[in-house]
Amino acid sequence: MNLMSRIRRIPFWSWVWFLLGALYFLLPLYATLNFSLRMERDVIGFKAYIRAFEDPDFLKTFLYSNMLALLTIIASIILIVPTAYWIRLRLPEARRIVEFITLLPFVVPAIILVFGLIRIYSSPVNIPFTEIRILQPLTTFEVGTDILIIAGYVVLGLPYMYRSVDTGMRTVDVRTLTEAAQSLGASWFTIIVRIILPNIRAALLSGALLTFAIVVGEVTLASFLGVPAFGPYLFLLGQHRAYEPAALSFASFLLTWLAMGLLQLVSGEQGQAAGAH
Amino acid sequence: MAQTALNPKSSLPASGWKNWIGVLPFFLFAVLFLVLPSLRLVMGSFADNEGQFTFANILQLFQEQSILDAYWLSIRISAATALGGGIFGFLLAYSVTVGGLPKPLRSALITFSGVASNFAGVPLAFAFIATLGRTGFVTALIKNLFGVNLYQQTDFDLYSFWGLSLTYMYFQFPLMVLIMAPALDGLKREWREAAENLGASNAQYWLKVAFPVLLPSLLGSMILLFGNAFGAYATAYALTGGRLGIITIQIGAQIRGDVLHNPGLGYAMAMGMVVIMAISLMGYSWLQKRSERWLR
């Protein structure tokens, strides 16, 4: 009787769903790991990892992608923090339109965005209605392409970064902090850099980690704009190698895990990014 | 307000057009890198090869069988993974919230969902090739356990509709878990107690109380999953190398080189995609508002 009631209390179906989910999560990871360790016949070893990490192109593209991620994060902080701050302080009537814009990247997926960016910025920018050129086509020189792809990544990360920053500012009393700083003679620059930024650092970090997760393995923008990033490198590697791509895929998973783990640590919430699929 | 008046520096007018200068950089950025590129595609889809206004591209969109097929394939994959991922994700979220599983499992699942919903693109495709490809781990497992060769004795192919759907599911249902877990937490204990006091069975409680309350957020999340799959490009490209003609892959081919031999038609194809995404986002936000009536 006692045993029966105890068995009945075990949520059978909940366990079934949970175990199925765990299987779906873990099987591909296990398969990838298992495959990546079998580069040498009949030996379990890290040869594929050593080979993959030794490739100078790996290091180059990986560092390049990290640099892009870092610049994207800096650019979006510079763009979004003052905007969100100003809306909270002075311009609540702009909230709706700005929030609307930050949701647009959900409507314009990466493939469409890059399509439009290429069509606009592969021709020179003239002063309207004249033939006077003010800008070379951005896609024709390296710095121009970098600017273009960073701008694109800022757009892809916009929903996440804006939401993080806005949530962060909700928890601090922006108005009082501003007035206190002003009465001590602080300039706007000082207020934002030395008062607001430190107060929302957890929110900034979580926005930054999400942006990092989107950018570091991104393929769509990177391959169409032709930059030497990690995503296209991994894709090309997969065309003519078997074990090294598996090794790098598993390593990417660990990297995503690291970013999301840190995110949970700093903000106590889960990241949901949908930009880079 | 009296305090602000004492402070000379913050005595800028509380409202007025000057305040909009503060958000100008943001709008400038949005126009340059989001609005203009999108507008370019819209304008392009209404222009013929000479740049004259025309509806021909839009009309041709509905006549070109290859384009219709691509949309239809994308819609089917997105709907299948939204439905499958939605239901499975809901059941998982249920099992760790009100389903009575131990607390640590909940945080494990949520953490893993956060990672998996961000794990996509090339690495995800390679992981599934290692799992369900011709020499994949699970393929070999099924062969050894049941003696069935997936690729010779069944129709299964990782580089097809079902294969891509299974792969998409890897980021779809974790996203559902992340959205539904808080919604399930919003079910109030009092509702269940009230239902039980009135003599309702467990099934009656779920059918008549919990499910109707959850329905808008369930549907809304599934629409979000639909859009999530519909806009995906990298995973499909890495998995099938462009052989499976979903709409994003067709658009990619059009960007690389004018495969349709009509740039305007290419723009129209891209715009059609934006329209579908916009409709699904509107549906999502409408349902989200409805669900907030009960669940906060």
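Residues numbered from 1 in each chain as written. Chains lettered and ligands numbered in written order. Predicted model: local features only at pLDDT ≥ 70, side-chain atom pairs only at ≥ 80, totals over all residues.

A.B. asks: Honestly, the overall build of chain B in this entry has me stumped. Any pointers?
C.D. replies: Secondary structure summary: chain B contains 14 helices and zero strands in total. The linear arrangement of helices and strands in chain B, starting from the amino end, is α-α-α-α-α-α-α-α-α-α-α-α-α-α. Its C-alpha atoms give chain B a radius of gyration of 25 Å, clearly above 19 Å, the size a compact globule of 296 residues would have. Its C-alpha atoms give chain B principal-axis dimensions of roughly 65 × 65 × 35 Å. Here chain B, with 296 residues, has 42% of them falling under the buried criterion. Summarising the internal contacts of chain B: among those between residues at least 6 apart in sequence, 74% fall at separations of at least 24. (Helix = DSSP H or I, 4+ residues; strand = E, 2+ residues; numbered from the N terminus. Rg over C-alpha atoms; globule rule 2.2 N^0.38 Å. Buried ≥ 20, exposed ≤ 12 C-beta atoms within 10 Å, placed from the backbone. Contact = placed C-beta atoms within 7 Å.)

A.B. asks: Any chance you could explain the overall build of chain A here in plain terms?
C.D. replies: Helix and strand content of chain A: 13 helices and two strands. Against the compact-globule benchmark of 19 Å for 277 residues, chain A has a radius of gyration of 24 Å, which places it well outside the compact range. If you line up chain A on its principal axes, its C-alpha atoms span 70 × 60 × 35 Å. Across the 277 residues of chain A, 48% fall into the buried class. The long-range share in chain A, meaning contacts at least 24 apart out of those at least 6 apart in sequence, stands at 74%.

A.B. asks: Please clarify how the interface of chain A and chain B should be interpreted in this entry.
C.D. replies: The accessible area lost on association of the parts is a frequent measure of interface size. The interface of chain A with chain B comprises 68 residues on the first partner and 73 residues on the second. When residues in the side of chain A that touches chain B are grouped by element, the largest group, 12 residues, is from helix H2 (residues 12-36) of chain A. Classifying every residue of the side of chain A that touches chain B gives 44 nonpolar, 21 polar and three charged. (Nonpolar A, V, L, I, M, F, W, Y, C, P; charged D, E, K, R; others polar.)

A.B. asks: What is the right way to look at unusual backbone geometry in this model?
C.D. replies: Glycine aside, residues mostly have negative phi, and peptide bonds are mostly found in the trans state. Positive phi, normally seen in glycine, also occurs at Asp42 of chain A, with a value near 60°. Mapping Asp42 of chain A onto the fold places it in the loop between H2 and helix H3 (47-54). Residue Asp42 of chain A is classed as exposed on the basis of its 5 C-beta neighbours within 10 Å. At His261 of chain B, a residue that is not glycine, the phi angle is positive and equals roughly 55°. Structurally, His261 of chain B is set in the loop between helix H13 (247-256) and helix H14 (263-291).

A.B. asks: How do you make sense of helix H2 (residues 24-45) of chain B when you look at a structure like this?
C.D. replies: Counting along an α-helix, one turn takes 3.6 residues, and residues three or four places apart therefore face a common direction. Taking 1.5 Å per residue, 22 residues should reach 32 Å; H2 of chain B reaches 29 Å between its end C-alpha atoms and fits that length. Listing the buried residues of H2 of chain B in full gives Phe26, Phe29, Ala30, Phe33, Leu34, Pro37, Ser38, Leu41, Gly44 and Ser45 of chain B. Buried residues along H2 of chain B sit in contact with helix H4 (56-89), helix H5 (95-107), helix H6 (110-121) and helix H7 (142-170) of chain A together with helix H3 (56-61) and H14 of chain B. (Expected span 1.5 Å × (residues − 1).)

A.B. asks: Just checking my understanding: could you explain the nonpolar core for this structure?
C.D. replies: The nonpolar side chains of a soluble globular protein tend to be buried with one another. In this structure, Val114 and Val165 of chain A together with Ala270 of chain B are the most contacted members of the largest nonpolar core, which totals 168 residues. Every residue in contact with Val114 of chain A, bar those within four places of it in the chain, is listed here: Gly152, Thr220, Leu221, Phe224 and Leu225 of chain A. (Core = buried A, V, L, I, M, F, W, Y, C linked by C-beta atoms within 7 Å.)

A.B. asks: When you look at H2 of chain A in this model, what are you seeing that I'm missing?
C.D. replies: Residues and elements named next belong to chain A. Between the first and last C-alpha of H2 there are 36 Å, a value that for 25 residues agrees with the 36 Å anticipated at 1.5 Å per step. Of all the bends found along H2, the most pronounced is centred on Leu26 and spans about 30°, while Pro28, a proline, follows it within four residues. By the burial criterion, the buried members of H2 are Ser14, Trp17, Phe18, Gly21, Phe25, Leu27, Pro28, Leu29, Ala31, Thr32, Phe35 and Ser36. (Bend = angle between axes of the 7 residues up to and from the residue.)

A.B. asks: Quick question: what am I supposed to make of the environment of Val81 of chain A here?
C.D. replies: Residue and element names in this part refer to chain A. On the secondary structure map, Val81 appears in helix H4. Owing to 23 C-beta atoms within 10 Å, Val81 belongs among the buried residues under this scheme. Sequence-wise, Val81 and Ile196 are 115 residues apart; in three dimensions their C-alpha atoms are separated by 8.6 Å. Aside from chain neighbours lying at most four places away, what touches Val81 is Val165, Ile192, Ile196 and Leu197.

A.B. asks: I tried to follow the packing of helix H9 (residues 161-185) of chain B against helix H11 (residues 202-230) of chain B on my own but got confused; where do I start?
C.D. replies: A packed helix pair is summarised by two numbers, namely the angle formed by the two axes and the spacing between the axes. All names here are of chain B. Two numbers describe how H9 lies on H11: the axes approach to 10 Å, and their chain directions differ by 150°. Classed by the angle they form, the pair H9 and H11 counts as roughly antiparallel. As for the relative orientation of H9 and H11, their crossing is right-handed in sense. Here H9 contributes Tyr168, Gln172, Leu175, Met176, Ile179, Met180 and Ala183 to the contact with H11, which in turn contributes Leu214, Ser217, Ser221, Leu225, Asn228 and Ala229. Within the contact of H9 with H11, the residues separate by chemical class into nine nonpolar, four polar and no charged. (Axes fitted to C-alpha atoms, helices over the stretch in contact; angles between N-to-C directions. Parallel < 35°, antiparallel > 145°, perpendicular 65-115°, else oblique. Left-handed = near helix turned anticlockwise from the far one by under 90°.)

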